[in-house]
Amino acid sequence: MLTLIEAFIFSILLILTIYFFFTPLVLRFKLVKLGQDTERFNNPFKRVANAVANFFLLICSVKKERIFAGLAHIFLLYGSLTFDTISVFHILEGFNKNIHPSNIHVIIADFMSVMVLGATLFFIIKRYVVRNSSYTYGTKESAIIYALLITVTLTFLLYEGASISYHRTFDNSSAFIGKIVAGWIPSAWIAVKISWWLHILNVFAFILYVPRSKYMHMFMGPLNITFKSEKPNSYLKTVDLESAETFGVTSHEDLSWKDLFDGFACIDCGRCEDYCPAARTGKELSPKTIITKMRDDLLAEGEKKIKDPEYSLKPLMDRVFSDEEIWSCTTCGACMEVCPVLNEHIPKIIGLRQSRVLMEAKFPPEFNHFFRNLETNSNPWGFGSATRGEWTEGLKVPMAAENQEAEVLYWVGCAGSFDERNKKVTEAMVSILNKSGVSYVVLGGEENCCGDPARRAGNEYLFQMMATQNIEILMKYKFKKIVTTCPHCLSTFRNEYNDVAALTGTEFKIPEVVHHSEFINELIKEGRISIKGSGTEQVTYHDPCYLGRHNNTYDQPREVISKAGFSIIEMKDNKNHSFCCGGGGSLMWAEEDQGERINHIRTEEALETGTGTLCTSCPYCTTMLTDGIKDKEKEDTMQVKDIAEIIAENLKE
């Protein structure tokens, strides 16, 4: 098809396109290598299978959050794959005019050309007409990629039409779009050649642009899914405080290579921002920009480091990120739940907090009192540690010090021990345990804070101190199971304490840890307690972030409520899309002075259900939602109850 000179020019262009396609990929590989090592290569077959399934089925995109956008992505994906293979034939046609795709391939390509144009038009309308608040504007990337998608598709159809018009030797009957276009094009060899060059040059432009834009996620996204963490979203790596030279994340070099890879995988779709309670209530935080600003700064700063290994990367705080951003995060995990490429936002934010707290002693002023309370009295409120067991007065509660072996250790937690509202939940749980006949004990005054509030606030040193103390206490007694009423205690014990024990060389493994909603459900199923089950009241249930998203417990609390005879009216945001109460990430002890209060938004969602009871299963949520109802002056309309209270009220005698 091409003359000798044209073939030579085309060969040079092809080689240059391949070279300049890989150049930015090599740079990004070198940048990612600047990060710390992290284990993401175990279970390789499982990881690859999961990534392949996500890529070809677009599980990552076709989600509840944006169903139509997910479907449009399917057309773009399979349209791109179709055109990629068609383009191979077109390239070969330049050297041999007798090489051409099959009729089936042509039919699929024509169909996909329509789908790609439709999907592109959909995204143009979404971005530039509807203008979702979480989309990024002012960037040329989207406009350029949309233009290239359109021109690549139209020039493909133009070349196909010109070929049919010129009566090429192969059967063109399958090219149903091409035949229409052929009617508009004169039958001339020059039309075939010009349209071929136009299509090939557009294809090359697309190939060259993608690795230089956010649309590199087409390659990086599946790889990012391959390297996903197998730990719960709430999991934080335990810092070796004895050997570490720096603590937390100061510069890019303190992040893991996977953290750096996240930036290049980011789609910039804004799903994380759509579901972030801080972003939705007008706070400065955007989970998306945490990732994208980190990526953009890495490209600028990291390249200097690659050229000059002696170059010191600049600190991220005060230059790339602000305190308002990192201290607005409730660590609810909504961002990580909805991210199509499974980016990991929370560890980065906590890492920045750790650096701020441990390296610079910069944190919200109210945390001075908060940290001091934890350090001196082992509870966030600052009540005397000697009074922790006073809630047991007047109750029949077996103490671990007097019964060193039991089936269950009931871990009461700080809120259940000190907070007047949550003491009622503890009393309800004790009545259930006593009724069940389960062999259980509590630690009373020996119990300390699990350390979650300190750790989520970035004070890793204080967390490890409290965790070590608790492990020493737990080693004194024998029990098969720990039951907690606080999902934060649950998550910390279940997912993080064994790391602390291993770091300190302690030969101790945390036994099975269950939430009280799970445990109550077990008691009912085993017939250890009986429920009246005659209620007809409607309730709504709030999923705590650390029980639901972080520990995948959604059904058991609902089963418990249903067995008590109540019907559940779900809130607009429920289960894995539950809206945070605003108390996580240690923000229960910080001032919320930006935007609207998070607990007010969640309270409004609860009130919209028209039920008289808002049920939950977390002391943080109980406190925040009770405050929300008070602030809304709806105490006569709705009351907040823990699952344990509902069951205790409906126990059969």
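Our subject in this report is the structure included herewith. As the structure is a computational prediction, the values presented were derived from the model and not from experiment.

**Focus: the environment of I350**
Step number 1: Among the secondary structure elements, I350 is positioned in helix α15 (residues 345–360).
Step number 2: On a C-alpha basis, the gap between I350 and C329 in space is 9.1 Å, while along the polypeptide they are 21 residues apart.
Step number 3: Setting aside residues no more than four positions away along its own chain, I350 makes contact with L236, T331, R455 and R456.

**Observations regarding the sheet that holds strand β5 (residues 538–541)**
Step number 1: The sheet built from four strands is open, its strands ordered β6-β5-β7-β8 with parallel pairing. Two strands lie at the open edges of the sheet, namely β6 (567–568) and β8 (639–642), each paired on one side alone.
Step number 2: Here β5 runs beside β6; their pairing, made up of two bridges, is parallel. Paired with Q538 across the two strands is S567, which belongs to β6.

**Considering the packing of helix α23 (residues 516–525) against helix α24 (residues 555–563)**
Geometrically, a packed helix pair is captured by the angle between its two axes and the distance between the axes.
Step number 1: Across the interface, α23 lies against α24 with an axial gap of 8 Å and an inter-helix angle of 50 degrees. Comparing the axis directions of α23 and α24 gives the class oblique. The handedness of the crossing between α23 and α24 is left-handed. Here α23 contributes S517, E518, I520, N521, I524 and K525 to the contact with α24, which in turn contributes Q556, P557, E559, V560 and K563.
Step number 2: Residue composition of the contact of α23 with α24, grouped by class: four nonpolar, three polar and four charged.

**A word on the nonpolar core**
Step number 1: Formed by 122 residues in total, the largest nonpolar core has its most connected members in F493, F519, I520, I529 and I647.
Step number 2: The element contributing the most residues to this core is helix α20 (residues 460–474), with seven residues.
Step number 3: F123, F204, F206 and Y215 belong to the second-largest nonpolar core, a separate cluster that totals 37 residues.

**Here's the deal with unusual backbone geometry**
Step number 1: At S378, a residue that is not glycine, the phi angle is positive and equals roughly 55 degrees.
Step number 2: Note that S378 resides in the loop between α16 (367–377) and β1 (405–411).
Step number 3: Given a relative accessible area of 7%, S378 falls into the buried group.
Step number 4: Even without being glycine, K575 reaches a positive phi, approximately 50 degrees.
Step number 5: Examined against the element boundaries, K575 turns out to sit in the loop between β6 and α25 (598–608).
Step number 6: Given the relative accessible area of 31%, K575 is considered partly exposed.

Calculation criteria
Residues numbered from 1 in each chain as written. Predicted model: local features only at pLDDT ≥ 70, side-chain atom pairs only at ≥ 80, totals over all residues. Heavy atoms only, no water. Helix = DSSP H or I, 4+ residues; strand = E, 2+ residues; numbered from the N terminus. Contact = heavy atoms within 4.5 Å. Pairing = 2+ DSSP bridges. Axes fitted to C-alpha atoms, helices over the stretch in contact; angles between N-to-C directions. Parallel < 35°, antiparallel > 145°, perpendicular 65-115°, else oblique. Left-handed = near helix turned anticlockwise from the far one by under 90°. Nonpolar A, V, L, I, M, F, W, Y, C, P; charged D, E, K, R; others polar. Core = buried A, V, L, I, M, F, W, Y, C linked by side-chain atoms within 4.5 Å. Buried < 20%, exposed > 50% of the residue type's maximum accessible area, 1.4 Å probe, protein only.

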